[in-house]
There are 2 protein chains.
Amino acid sequence: MQLNTARPRIVELRQNVLKKNDLLARQLRTRFQAAGVYVLNLVSSPGAGKTTLLTETLRRLGARYSVAALVGDLATENDAAKLRESGARVRQITTGTVCHLEAEMIEHHLEGWDLAELDFLFIENVGNLVCPASYDLGENERVVLFSVTEGEDKPAKYPPLVNSADVALVTKCDLAEAVGFQRTAFLEALEAVRPGVPVLEVSARTGEGMDAWISHLEEARKSWLAVQS
Amino acid sequence: MQLNTARPRIVELRQNVLKKNDLLARQLRTRFQAAGVYVLNLVSSPGAGKTTLLTETLRRLGARYSVAALVGDLATENDAAKLRESGARVRQITTGTVCHLEAEMIEHHLEGWDLAELDFLFIENVGNLVCPASYDLGENERVVLFSVTEGEDKPAKYPPLVNSADVALVTKCDLAEAVGFQRTAFLEALEAVRPGVPVLEVSARTGEGMDAWISHLEEARKSWLAVQS
């Protein structure tokens, strides 16, 4: 039980880090607002399909809007390379051993970009259903993705992140039948943790549900801009 | 850049926690050794199939060995309930907001169990491809699972955990074709991060590769016991 003696100080310092992150996130939010750029923070477990969804999202939105993305991983530039295929401005954030993105990393990686030129900024977080929950990145909307291949009870097992999400996406819907996805059980689990959260079901591979997702993004930005003016 | 001032102390305290965890893990390892129980720590992202694999593993091994499991999740007793279907002794560890299991949690949840009665103890970690890397639980073998639905580059993107693994399992192999899994690319990515790591390809649903996995477990325990005596 030696650990207990160290815990109160750990908690205190962790709270200081979070407090500083929150302050920085607030500054970022003010900057995003002034620039009129609508920011989304995509969170999920590894392999839920964030990058594939985002590539297709950037491609579709890119025809009518100025879009950009920041993408976090412990290592590799793989995701940035994939996302650049869409033609959007993309920067990779490699975190080393850090299991989530922080506001400071976002601020640092925005250097040199004129935010006023952007309509949408997507932040793809490190694949992790736990740790990104505590780190505000100044986003307008936090989007949690669950793939049909992950099973039905994930929302119940990772409540902190689900509780911080504004929208939930069910991804890889084209595989639902092959993996025996129990849609009703999943939606009930999600509703139990985060009642009333909007849910969109998509497949970036087949295009299923992508129109609704793109419309959601356009409408959300439009409503937000209307409130600003 | 305010965060920087807090960082050195955070790092120092985190190292103290890890050091204490290591000491406790060493004590656990000594206890496991004295009792002759072979311990495995299963790590993966959420939804990679740890619980399904483990249910089938406990069922198969349970016919000839005394087996038990500890299973970690932020919330719910779902996994323990599922695992108990195998007939094995099972305890759930709910971590609240903690993103990994620690040696102290293992020690606490072993209370009342006579380790000398056990042949195998399986520890199912919290679904997380990052944070469990740093926490030794006193296990003989750390097993990292990747499902074919997660894509091919995950080993490259989560190197710390992969580098700490003794064995890699490719799970949900029955879905490989449906999801277009590129086996060679995956094995190359794995080999680049962790050269020479043994790889087993399994499907708990169809039984594919399960005999090889069970044989691996029996052989690994036998070799270990032989070295002890």
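Residues numbered from 1 in each chain as written. Chains lettered and ligands numbered in written order. Predicted model: local features only at pLDDT ≥ 70, side-chain atom pairs only at ≥ 80, totals over all residues. Heavy atoms only, no water.

(A) Structural view of the overall build of chain A. Each helix and strand counted, chain A has eight helices and seven strands in total. Here the C-alpha radius of gyration of chain A, 18 Å, is about what a compact globule of 229 residues would show, namely 17 Å. In terms of overall dimensions, chain A has C-alpha extents of about 55 × 45 × 35 Å along its principal axes. Burial analysis of chain A (229 residues in total) assigns 59% to the buried set. Of the contacts made within chain A by residues no fewer than 6 positions apart, 73% connect residues no fewer than 24 positions apart. Here chain A displays about 9,200 Å² of accessible surface, and carbon together with sulfur accounts for 50% of that area. One way to put it: in chain A the 25 positive side-chain charges average out to a point 4 Å from where the 31 negative ones average out. (Helix = DSSP H or I, 4+ residues; strand = E, 2+ residues; numbered from the N terminus. Rg over C-alpha atoms; globule rule 2.2 N^0.38 Å. Buried < 20%, exposed > 50% of the residue type's maximum accessible area, 1.4 Å probe, protein only. Contact = heavy atoms within 4.5 Å. Areas by Shrake-Rupley, 256 points an atom, 1.4 Å probe, with all protein chains shown as cover. Lys, Arg positive; Asp, Glu negative; His and termini not counted. Charge placed at Lys NZ, Arg CZ, Asp CG, Glu CD.)

(B) Here's a closer look at the pattern of salt bridges. A complete count under the given rule lists 32 salt bridges over all chains for this structure. With a shortest N-O distance of 3.7 Å, Asp-73 of chain A and Lys-157 of chain B are connected by a salt bridge. Separated into two different chains, Asp-73 of chain A in strand E2 (residues 67-73) and Lys-157 of chain B in helix H5 (residues 154-157) make up a pair that spans both. Take Asp-73 of chain A: its relative accessible area is 1%, and that puts it in the buried class. In this structure, Asp-119 of chain A engages Arg-221 of chain A in a salt bridge whose closest nitrogen and oxygen atoms are separated by 3.0 Å. In this pair, Asp-119 of chain A is assigned in the loop between helix H4 (103-109) and strand E4 (120-124) and Arg-221 of chain A in helix H8 (residues 210-228), connecting sequence segments 102 residues apart. One exposure class covers both Asp-119 of chain A and Arg-221 of chain A, and it is buried. (Salt bridge = Lys/Arg side-chain N within 4 Å of Asp/Glu carboxyl O.)

(C) The nonpolar core, seen in detail. Of all hydrophobic cores here, the largest spans 94 residues; its most connected members are Ile-106 and Leu-121 of chain A together with Ile-106 and Leu-121 of chain B. Sequence-distant contacts of Leu-121 of chain B, defined by excluding residues within four places in its chain, comprise Phe-32, Val-37, Tyr-38, Val-39, Leu-40, Ala-68, Ala-69, Leu-70, Leu-110 and Trp-113 of chain B. (Core = buried A, V, L, I, M, F, W, Y, C linked by side-chain atoms within 4.5 Å.)

(D) Region of interest: the environment of Leu-53 of chain B. Relative to the helices and strands, Leu-53 of chain B resides in helix H2 (residues 50-62). Here the alpha-carbon distance between Leu-53 of chain B and Leu-40 of chain B, two residues 13 residues apart in the chain, equals 13 Å.

(E) Structural detail: unusual backbone geometry. Even without a glycine there, the phi angle at Thr-76 of chain B is positive, about 80 degrees. Topologically, Thr-76 of chain B is positioned in the loop between strand E2 (67-73) and helix H3 (78-84).

(F) Seen up close, the relation of the copies chain A and chain B. Turning chain A through 180 degrees and shifting it by 0.0 Å along the axis lays it on chain B, with an RMSD of 0.0 Å. Accordingly, the operation relating the two chain copies is best matched by a two-fold axis. Take the interface residues of chain A: 100% of them recur as interface residues in chain B, which is what a same-surface contact looks like. (Least-squares fit on C-alpha atoms with pLDDT ≥ 70 in both.)

(G) Spotlight on the interface of chain A and chain B. Contact residues are listed per partner, giving 49 residues for chain A and 49 residues for chain B. Buried area between chain A and chain B, summed over both chains or domains, comes out near 4,200 Å², and the portion from carbon and sulfur atoms is 60%. Across the chain A-chain B interface, the total number found is six salt bridges. Linking chain A to chain B there are 11 residue pairs in polar contact (both at pLDDT 80 or more). Here the side of chain A that touches chain B takes 11 residues from helix H1 (residues 3-35) of chain A, the largest share from any one element. (Buried area = accessible area lost by both parts, 1.4 Å probe. Polar contact = N/O pair within 3.5 Å; in protein donor to acceptor, adjacent residues only side chain to side chain.)

(H) Molecular detail of H8 of chain A. Residue and element names in this part refer to chain A. With 19 residues, H8 ought to run about 27 Å at 1.5 Å a step, and its terminal C-alpha atoms sit 27 Å apart, in line with that. The complete set of buried residues in H8 reads Met-210, Trp-213, Ile-214, Leu-217, Glu-218, Ala-220, Arg-221 and Trp-224. The buried residues of H8 occupy one face: seen down the axis, they fall within an arc of 160 degrees. Structural note: H8 exposes Asp-211, Lys-222, Ala-226 and Val-227 on the side pointing more than 90 degrees away from its buried face. (Expected span 1.5 Å × (residues − 1). Arc of directions from axis to C-beta.)

(I) Summary view of the sheet that holds strand E1 (residues 38-44) of chain B. All names here are of chain B. Taken together, seven strands build an open sheet; the order of strands is E3-E2-E4-E1-E5-E6-E7 and the sheet is parallel. The open sheet has two edge strands, strand E3 (89-94) and strand E7 (199-201), and neither has a second partner. The average angle at which neighbouring strand axes cross in this sheet is 20 degrees, direction not considered. Inspection of the sheet shows E1 paired to strand E4 (residues 120-124) by five bridges, in the parallel sense. (Pairing = 2+ DSSP bridges. Axes fitted to C-alpha atoms, helices over the stretch in contact; angles between N-to-C directions.)

(J) Representation of the sheet that holds E2 of chain A in the model. All names here are of chain A. Here seven strands make up an open sheet; going across it, the order is E3-E2-E4-E1-E5-E6-E7 and the pairing parallel. Two strands lie at the open edges of the sheet, namely strand E3 (89-94) and strand E7 (199-201), each paired on one side alone. Neighbouring strand axes in the sheet, compared pairwise and without regard to direction, differ in orientation by 20 degrees on average. Contacts from helix H2 (residues 50-62) reach strand E1 (38-44), E2, E4, strand E5 (141-147) and strand E6 (167-171), with the element oriented near 170 degrees to E4.

(K) Structural detail: H2 of chain B. Taking 1.5 Å as the rise per residue, H2 of chain B with 13 residues should run 18 Å; its terminal C-alpha atoms sit 17 Å apart, in good agreement. Buried within H2 of chain B we find Lys-50, Thr-51, Leu-53, Leu-54, Thr-55, Glu-56, Thr-57, Leu-58 and Leu-61 of chain B.

(L) Spatial organisation of the environment of Leu-74 of chain A. Of note, Leu-74 of chain A is situated in the loop between E2 and helix H3 (78-84). Residues Leu-74 of chain A and Cys-99 of chain A, 25 residues apart in the sequence, show an inter-C-alpha distance of 7.3 Å. Excluding residues within four positions of it along the chain, Leu-74 of chain A makes contact with Thr-94, Thr-95, Gly-96, Thr-97, Val-98 and Val-126 of chain A together with Val-130, Lys-157, Tyr-158, Pro-159 and Pro-160 of chain B.

(M) Up close: the packing of H2 of chain A against H8 of chain A. Residue and element names in this part refer to chain A. Look at H2 against H8: their axes get within 11 Å of each other, and the N-to-C directions meet at 65 degrees. Pair H2 / H8 crosses with right-handed handedness. Packed against H2, whose contacting residues are Leu-53, Glu-56, Thr-57, Arg-60 and Leu-61, the element H8 presents Met-210, Asp-211, Trp-213, Ile-214, Leu-217 and Glu-218 at the interface. Along the lines of polarity and charge, the residues of the contact of H2 with H8 split into six nonpolar, one polar and four charged. (Left-handed = near helix turned anticlockwise from the far one by under 90°. Nonpolar A, V, L, I, M, F, W, Y, C, P; charged D, E, K, R; others polar.)

Function cannot be inferred from these measures alone, as they are strictly geometric.
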